[in-house]
Amino acid sequence: MNKTRYIIVMAILIAVIGISYGLPRAKYTSPKIVSKLNLPYRIYSWYGRDFSKSFNPNDLRYNFISEVFAQLYTRFDDRVLLLILDAGNFHNPKACFRGSGFAVTDLPDTEFKAGEKRFKAKTLFFEKPGESYVVIYWLCIDKKITDWTGQKIKEFIFAVLNKQKTGLMIRLEIPAAKDGTDAAIKLAKEFISDLSDKLNEEQSDYLFGK
């Protein structure tokens with residue numbers, strides 16, 4: 001019986017994935033959501049500056065298709081790069097960084113506190129000679145935190161129903177040595193906690209879910 005259930009579940013998953021890729025991609029309601037977020041530059045002791053024009057076009061880590069929010073926040077010697085990508089720009093960071101020659105190490109998910117909200121985010125460590133980063137990211141589709149599997153299932157459903165949706169990928173990049181990943185993750189938690197204090201309800205819902 002268990003084997004039969006396993007076969008049925010696998011068959012359903014394969015069918016969903018096949019149809020999802022075979023159908024036209026879902027429509028996205030707001031290619032301009034990112035520009036409307038209007039996040040603050042000053043967050044307590046954090047100072048932000050626009051970083052969207054500072055990307056090296058030959059660096060595959062930042063090979064974005066269209067709209068992207070990129071602000072570099074500094075607090076004394078701390079540095080956090082905040083990237084927010086519209087749904088049409090979802091790239092798995094593993095592919096982006098590997099394309100730029102980085103080795104990847106999976107770390108345990110990071111649990112964030114954003115006001116009254118709690119959510120977990122994927123956490124990775126990338127390194128190559130002379131550079132290393134902790135990268136933390138999550139997807140928020142229709143103001144709900146989801147993962148890559150959830151994103152594909154929702155994309156399938158929206159394509160079938162010809163419905164529109166909104167979605168963002170939020171990504172943090174923090175320079176860190178291999179023995180400094182815990183400190184980088186702690187810094188990320190502090191930054192998100194501080195940022196959440198400065199957002200209105202709509203901004204918070206788009207970034208951290210309802």
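Predicted model only: the values in this text are computed from it and were never measured.

Student: Can you help me understand helix α6 (residues 201-208) in this one?
Tutor: Residues lying three or four places apart along an α-helix face the same way, a consequence of the helix completing one turn every 3.6 residues. Burial runs high along α6: 6 of the 8 residues are buried. Where α6 is concerned, the buried positions are Gln-203, Ser-204, Asp-205, Tyr-206, Leu-207 and Phe-208. Directly beyond the C-terminal end of α6, a positive phi value near 80 degrees is found at Gly-209.

Student: Looking at this model, I keep getting lost on the environment of Asn-92. Mind explaining?
Tutor: Following the sequence through the fold, Asn-92 ends up in the loop between β5 (78-86) and α3 (93-99). In sequence terms Asn-92 and Tyr-137 are 45 residues apart; their C-alpha atoms lie 9.3 Å from each other. At a separation of 2.9 Å, a polar atom in the side chain of Asn-92 contacts the main-chain amide nitrogen of Lys-94.

Student: How do you make sense of the nonpolar core when you look at a structure like this?
Tutor: The nonpolar side chains of soluble globular proteins are, as a tendency, buried together. By size, the foremost hydrophobic cluster in this structure holds 36 residues, and its most contacted members are Leu-82, Ile-84, Leu-172, Phe-191 and Leu-207. Not counting residues within four places of it along the chain, the set of residues in contact with Ile-84 comprises Val-34, Leu-37, Leu-39, Val-68, Phe-69, Leu-168, Met-169, Ile-170 and Leu-207. Grouped together as the second largest cluster of nonpolar side chains are 11 residues, Leu-124, Tyr-133, Leu-139 and Met-169 included.

Student: Looking at this structure, how should I read the pairing of strand β4 (residues 68-75)?
Tutor: Within a regular strand, side chains alternate between the sheet's two faces. Burial runs high along β4: 7 of the 8 residues are buried. The pairing of strand β3 (residues 46-50) with β4 spans 4 bridges and is classified as antiparallel. Bridge pairing in β4 links Tyr-47 to Thr-74. In this sheet, β5 lies alongside β4 in antiparallel orientation, the contact comprising 8 bridges. For Tyr-73, the partnering residue across the bridge sits in β5 and is Val-80.

Student: Just to check I follow, could you spell out the side chain of Ser-204 for this structure?
Tutor: Counting through the fold element by element, Ser-204 comes out in helix α6. A residue is classified by how much of its surface remains accessible, and Ser-204, at 11% relative accessible area, is buried. Residues within four places of Ser-204 in sequence aside, it is in contact with Lys-117, Leu-199 and Gly-209.

Student: What should I look at first to understand the confidence of the model for the protein in this one?
Tutor: Caution applies to low-pLDDT regions: their predicted coordinates should not be interpreted in detail. Per-chain confidence: the protein averages 81 in pLDDT, with 69% of residues scoring 70 or above. Long-range and interchain partners of residues 150-154, a stretch whose pLDDT sits below 50, account for 10 contacts in this model, where long-range means more than four residues apart. Scored below 50 in pLDDT, residues 156-162 shows 14 contacts in the model against residues more than four places distant or in partner chains.

Student: Can you help me understand the side chain of Lys-117 in this one?
Tutor: With respect to the helices, strands and loops of the structure, Lys-117 is situated in strand β7 (residues 117-128). A relative accessible area of 19% means that Lys-117 is categorised as buried. What Lys-117 contacts, discounting residues up to four positions off in sequence, is Phe-112, Ser-204, Asp-205, Phe-208, Gly-209 and Lys-210.

About the cut-offs
- Residues numbered from 1 in each chain as written.
- Predicted model: local features only at pLDDT ≥ 70, side-chain atom pairs only at ≥ 80, totals over all residues.
- Heavy atoms only, no water.
- Buried < 20%, exposed > 50% of the residue type's maximum accessible area, 1.4 Å probe, protein only.
- Helix = DSSP H or I, 4+ residues; strand = E, 2+ residues; numbered from the N terminus.
- Polar contact = N/O pair within 3.5 Å; in protein donor to acceptor, adjacent residues only side chain to side chain.
- Core = buried A, V, L, I, M, F, W, Y, C linked by side-chain atoms within 4.5 Å.
- Contact = heavy atoms within 4.5 Å.
- Pairing = 2+ DSSP bridges.
- pLDDT = per-residue confidence, 0-100.

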